[in-house]
Amino acid sequence: MTDERAGLPDSEARAPQGATRRRVLRGAAWSVPAIAVAATVPQAAASEPVGEAPCAATIRFVQACAGVAVYTLRYTVSTTCTEVLVYSITVTDQKGTVIDGPALYRTPVAGGEVSVWDTYPLSDHPGATAFTVSVVPTIGEPVSASVPVGVCP
């Protein structure tokens, strides 16, 4: 008969085919590190970083007033995030009518601030008595704040 395993050393040529105790243990030894790494990846991906505060945005009004022909609205949006964020900002009047936006703004630095100074024609929004600024950041919870419209100095 012809030996199908020609060219192999005598010890391997004579070894029986199939599962041996040595082959099973060798395969198990090679698979343990892969199983251990695969088991920890989903757990690490699902957990939040330890010690970091949640990312939050705040709105601070500087000015909201009606002049002769325009409303003036000045405010800042600050963040506690540890990375630069993009915000979608929408301004509405007291009736919920969209005055501006949604417009995209970007913090200049991590934990930074965006300053906005806009004017809107009085004729486009007659009788507005309050503005609401709504901010939707790429990370963190949406936030909104309202301010009554005063008379510009």
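Above this text you will find the structure in question.
Residues numbered from 1 in each chain as written. Predicted model: local features only at pLDDT ≥ 70, side-chain atom pairs only at ≥ 80, totals over all residues. Heavy atoms only, no water.

Assigned secondary structure in the protein chain consists of two helices and eight strands. The burial tally for the protein chain puts 27% of its 153 residues in the buried class. For the protein chain, long-range pairs separated by at least 24 residues make up 57% of all intrachain contacts whose partners lie at least 6 apart in sequence. (Helix = DSSP H or I, 4+ residues; strand = E, 2+ residues; numbered from the N terminus. Buried < 20%, exposed > 50% of the residue type's maximum accessible area, 1.4 Å probe, protein only. Contact = heavy atoms within 4.5 Å.)

Bringing the environment of V70 into the picture now. Among the secondary structure elements, V70 is positioned in strand β2 (residues 70-79). The exposure class assigned to V70 is partly exposed, which follows from its relative accessible area of 31%. For the pair V70 and P121, spaced 51 residues apart in sequence, the C-alpha to C-alpha distance is 4.4 Å.

It is worth spelling out the packing of aromatic side chains at this point. All told, the structure shown has three aromatic pairs when counted by the stated rule. For the pair Y71 and F131, a centre-to-centre distance of 5.5 Å together with 90° between the ring planes defines the contact as edge-to-face. Residue Y71 is located in strand β2, and its partner F131 is located in strand β6 (residues 130-137); the two are separated by 60 residues in the primary sequence. With respect to class, Y71 is no different from F131; both count as buried. Seen in terms of ring centroids, Y120 and F131 are 6.2 Å apart; in terms of plane orientation they differ by 50°. Their pairing is tilted. Separated by eleven residues along the polypeptide, Y120 in strand β5 (residues 113-121) and F131 in strand β6 bring together distant segments of the chain. Residue class for F131 comes out buried when judged on its relative accessible area of 0%. (Phe/Tyr/Trp six-rings, centres within 6.5 Å; stacked < 30°, edge-to-face > 60°.)

To continue, consider unusual backbone geometry. Note that the residue after G101, namely P102, is joined by a cis bond; omega there is 0°. On the secondary structure map, P102 appears in strand β4 (residues 98-106).

Moving on, we get to the sheet that holds β2. Taking strand neighbours across the sheet as the criterion, the four strands line up as β5-β2-β1-β8 in an open arrangement whose pairing is mixed. Only two strands of the sheet have a single partner each, and these edge strands are β5 and β8 (150-151). Two strands pair when backbone bridges link them, and strand β1 (residues 57-66) and β8 are joined in this way by two bridges, in the parallel orientation. Pairing of A66 across the sheet is with V151, part of β8. (Pairing = 2+ DSSP bridges.)

Attention now moves to the side chain of T107. With respect to the element layout, T107 can be found in the loop between β4 and β5. From its side chain, T107 meets the backbone oxygen of V109 in a polar contact 3.4 Å long. Non-local contacts of T107, meaning those with residues more than four positions away in its chain, are made with T79, V84, L85, Y87, G112, E113 and V114. (Polar contact = N/O pair within 3.5 Å; in protein donor to acceptor, adjacent residues only side chain to side chain.)

Once that is clear, we can look at the environment of E141. Here E141 lies in the loop between β6 and β7 (143-148). A relative accessible area of 62% means that E141 is categorised as exposed. Once the C-alpha coordinates of E141 and A57 are considered, the two residues, 84 residues apart in sequence, prove to be 7.7 Å apart.

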